[in-house]
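# Tertiary structure, described
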Amino acid sequence: MSRNPFRFIGDLWRRFLVGPQWLRESHGLGFVFKYYRSPSLKLLFWAMAWYERLFSRPMRLLFIVIPMYAFFSMFALNSPAVPVFLFLVVVLAVDLVVGLVFRPRLEVQREMPPRVKCGIAFDVNYRIRNLRRLPAVDILIDPNIELPELRRVLGFKYCAVPGRGEMMFALPLKPFKRGVFGIPQGIAESSFPFNLIKHSVLFGRRESLIVHPASRELRNLFPRDGGVLPRLSARSVPRPGDSMDFYGCRMYRPGDSPRKIHWRATARYRVPIIKEYQQEHVSHAAILLDAHVPPARQAAGAIRALFSLSESLLKVRTNRTFEAAVSLAASIAETLTATSYHVDLLAVGGRITRFPSNGEPDRGCDPLLDELAVASTSARDSFAGKQASPIAEDALESGTVFLILMRWDAASKAFLGSLTGRGSRIVPVLVTEHVPDTELPDDLRVITPDSVLTGGDLPL
């Protein structure tokens, strides 16, 4: 069956517009890769990708040196530039020939976790198989996987694979910012012998890595003295099915199920003994995260970060108070889901996300943390106007509401007032660098961003 040439040309054109998959996406290239399909700009990206794939950094410097020596060698044969030029040409030719002889032919499989946590290192595992009889030497795995927000822990590591052999390779990485990042297509390259011309093999495909915000267990969220939050919320429903939490034993009573007889205790005491189980409940909670930052404050922060030479590129694009609030929300969510709570609603600004429950306690909160990973500030105040009332009504249905604020003004006061006195348990938290001079409610807890981001004590 012959292949349609028009369809083949169309596939090549679409692949051309998609761009090179092994090229690393930066913040400036992300929009071009996904939305802007300019043929001339894509041609520039393809040329840049092949230029980086074929030539090492020393070779790029020789592209400047070799023409210069060639130019001076054209005027006089006894010029000192002639032997230098011939030496460079011989070195380049030897590197090309030997590199072609030992060029790698590899089969590489990459295993990367779909979700990781910000600030915690993880391993990307590779399984490398050499398809040639000759050894593959000076192999660099995934040189383009490092991003400004995702860095190598041990720097660049080279490996060698024997002929027809296999090996496992682990690359430790550490994320420094939450979000969803594009991981380029894998590439294994070798610049043997003189690190001038690179011979590479592509593997895998472009992937997405979700980095959850930094979080920790809040041990004092459920204190024994009945502090902030009891074990059962205002909305607590029995868990369906028989509980597996053993409570104790008692004497048999008429009507007890024979399935609950403790046979060993019955044989020991020679009377029927029944096993009792503690009734488990599933409590519901909601997390409301304030994401309002006035446009004037956003512009002032961007200008201040732009002219601050001490700040890195990562700090330029982050709001420290908002990052602390997101991290606190992630910590509360993980602590709740580790107990008998189900977080069924998350509101970040005006964006409401519901998480349905089947009556079972949560075993993980990955969907909720996925939403927090892409949370961003908004110039629109969701706690004021027509949007505030639907958010409050939906949150009150959960029974327990965690309200995380970043400011204490008239809008936040009015929103907190609309939540209180409605039969639900409200836990308000204010994350700010400066404590307001006005009088604060007794149940409002004030937390600084440093205490959240650096692991300090939290008054919860």
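My aim in this report is to walk through the structure given alongside it, one point at a time. (Residues numbered from 1 in each chain as written. Predicted model: local features only at pLDDT ≥ 70, side-chain atom pairs only at ≥ 80, totals over all residues. Heavy atoms only, no water.)

### A few points about the overall build of the chain
Along the chain, the regular secondary structure elements total 13 helices and 20 strands. Here the chain holds 460 residues, and the buried ones make up 42% of them. Taking as baseline every contact in the chain between residues at least 6 positions apart, the subset at least 24 positions apart corresponds to 71%. Element-wise, carbon and sulfur atoms account for 57% of the exposed surface of the chain, whose accessible area totals about 26100 Å². (Helix = DSSP H or I, 4+ residues; strand = E, 2+ residues; numbered from the N terminus. Buried < 20%, exposed > 50% of the residue type's maximum accessible area, 1.4 Å probe, protein only. Contact = heavy atoms within 4.5 Å. Areas by Shrake-Rupley, 256 points an atom, 1.4 Å probe, with all protein chains shown as cover.)

### Comments concerning the packing of aromatic side chains
Tallied over the full model, the rule gives 10 aromatic pairs. Relative to Trp 46, the ring of Trp 22 has its centre 5.8 Å away and its plane inclined at 75°; by these criteria the two rings are edge-to-face. Remark: Trp 46 occurs in helix H3 (residues 39–54) and Trp 22 occurs in the loop between helix H1 (5–18) and helix H2 (27–34); sequence separation between them is 24 residues. Accessibility classification places Trp 22 together with Trp 46 in one group, the buried group. With a centroid separation of 5.3 Å and an interplanar angle of 80°, the aromatic rings of Trp 22 and Trp 50 are classed as edge-to-face. You can see Trp 22 sitting in the loop between H1 and H2 and its partner Trp 50 sitting in helix H3, a full 28 residues away along the chain. Each member of the aromatic cluster is reached from another via a ring pair, and the members are Trp 22, Trp 46 and Trp 50. The ring centre of Trp 22 lies 4.9 Å from the NZ or CZ of Arg 53, which sits over that ring. The ring of Phe 176 has Arg 151 lying over it, and the distance from NZ or CZ to the ring centre is 5.0 Å. (Phe/Tyr/Trp six-rings, centres within 6.5 Å; stacked < 30°, edge-to-face > 60°. Lys NZ or Arg CZ within 6 Å of the ring centre and 35° of its normal.)

### Topic: the pattern of salt bridges
All told, the structure shown has 15 salt bridges when counted by the stated rule. For the salt bridge of Lys 198 with Glu 189, the shortest nitrogen-to-oxygen distance reads 3.5 Å. Relative accessible area serves as the criterion here: at 12%, Lys 198 is assigned to the buried category. A salt bridge links Glu 371 to Arg 351; the shortest N-O distance between them is 3.1 Å. With a gap of 20 residues between them, Glu 371 in helix H10 (residues 366–373) and Arg 351 in strand S17 (residues 351–354) connect regions that are remote in the sequence. One connected set of salt bridges, linked through shared partners, spans Asp 290, Asp 381, Arg 407 and Asp 409. (Salt bridge = Lys/Arg side-chain N within 4 Å of Asp/Glu carboxyl O.)

### Observations regarding H3
Between the first and last C-alpha of H3 there are 22 Å, a value that for 16 residues agrees with the 22 Å anticipated at 1.5 Å per step. Among all positions in H3, only Lys 42, Phe 45, Trp 46, Ala 49 and Arg 53 are buried. Viewed end-on, H3 has its buried residues packed into an arc of 100°, placing them on one side of the element. Of the exposed residues in H3, the ones pointing more than 90 degrees away from its buried face are Ser 40, Leu 43 and Leu 44. (Expected span 1.5 Å × (residues − 1). Arc of directions from axis to C-beta.)

### A short note on the environment of Leu 171
By the element assignment, Leu 171 lies in strand S7 (residues 166–175). Separated by 29 residues in sequence, Leu 171 and Asp 142 have C-alpha atoms that sit 9.0 Å apart. If sequence neighbours within four positions are ignored, Leu 171 has contacts with Phe 122, Asp 123, Val 124, Tyr 126, Ile 141, Ile 145 and Arg 152.

### Some remarks on the packing of helix H11 (residues 388–396) against helix H12 (residues 410–419)
Running from amino to carboxyl end, H11 crosses H12 at an angle of 35°, the nearest separation of the two axes being 10 Å. With respect to the hand of their crossing, H11 and H12 are arranged in right-handed fashion. Here Ala 388, Ile 391, Ala 392 and Leu 396 of H11 lie close against H12, whose contacting residues are Phe 415, Ser 418 and Leu 419. (Axes fitted to C-alpha atoms, helices over the stretch in contact; angles between N-to-C directions. Left-handed = near helix turned anticlockwise from the far one by under 90°.)

### Digging into the nonpolar core
Ranked by internal contacts, the top residues of the largest apolar core, which has 34 residues, are Ile 287, Leu 289, Leu 328, Ile 332, Leu 368, Leu 372 and Ile 404. Contributions of two or more residues to this core are made by strand S15 (281–289), helix H9 (320–337), strand S16 (341–348), H10, strand S18 (400–405) and strand S19 (425–431). Per element, the largest residue contribution to this core is 10 residues, and it comes from H9. Every residue in contact with Leu 372, bar those within four places of it in the chain, is listed here: Arg 178, Pro 213, Leu 289, Val 326, Ala 329, Ala 330, Leu 346 and Val 348. Of all hydrophobic cores here, the second largest spans 26 residues; its members include Val 108, Val 124, Ile 139 and Ile 145. (Core = buried A, V, L, I, M, F, W, Y, C linked by side-chain atoms within 4.5 Å.)

### Looking at the sheet that holds strand S2 (residues 115–117)
Ordered by their spatial adjacency, three strands build an open sheet running S2-S11-S8, and the pairing between neighbours is mixed. Every interior strand has two partners, whereas the edge strands, S2 and strand S8 (179–183), have only one. On average, adjacent strands in this sheet sit at an angle of 30° to one another, irrespective of strand direction. Two strands pair when backbone bridges link them, and S2 and strand S11 (residues 207–212) are joined in this way by three bridges, in the parallel orientation. Its bridge partner being in S11, Arg 115 is matched across the sheet by Ile 210. On the sheet, H10 packs against S2, S8 and S11 and is oriented at approximately 95° with respect to S11. (Pairing = 2+ DSSP bridges.)

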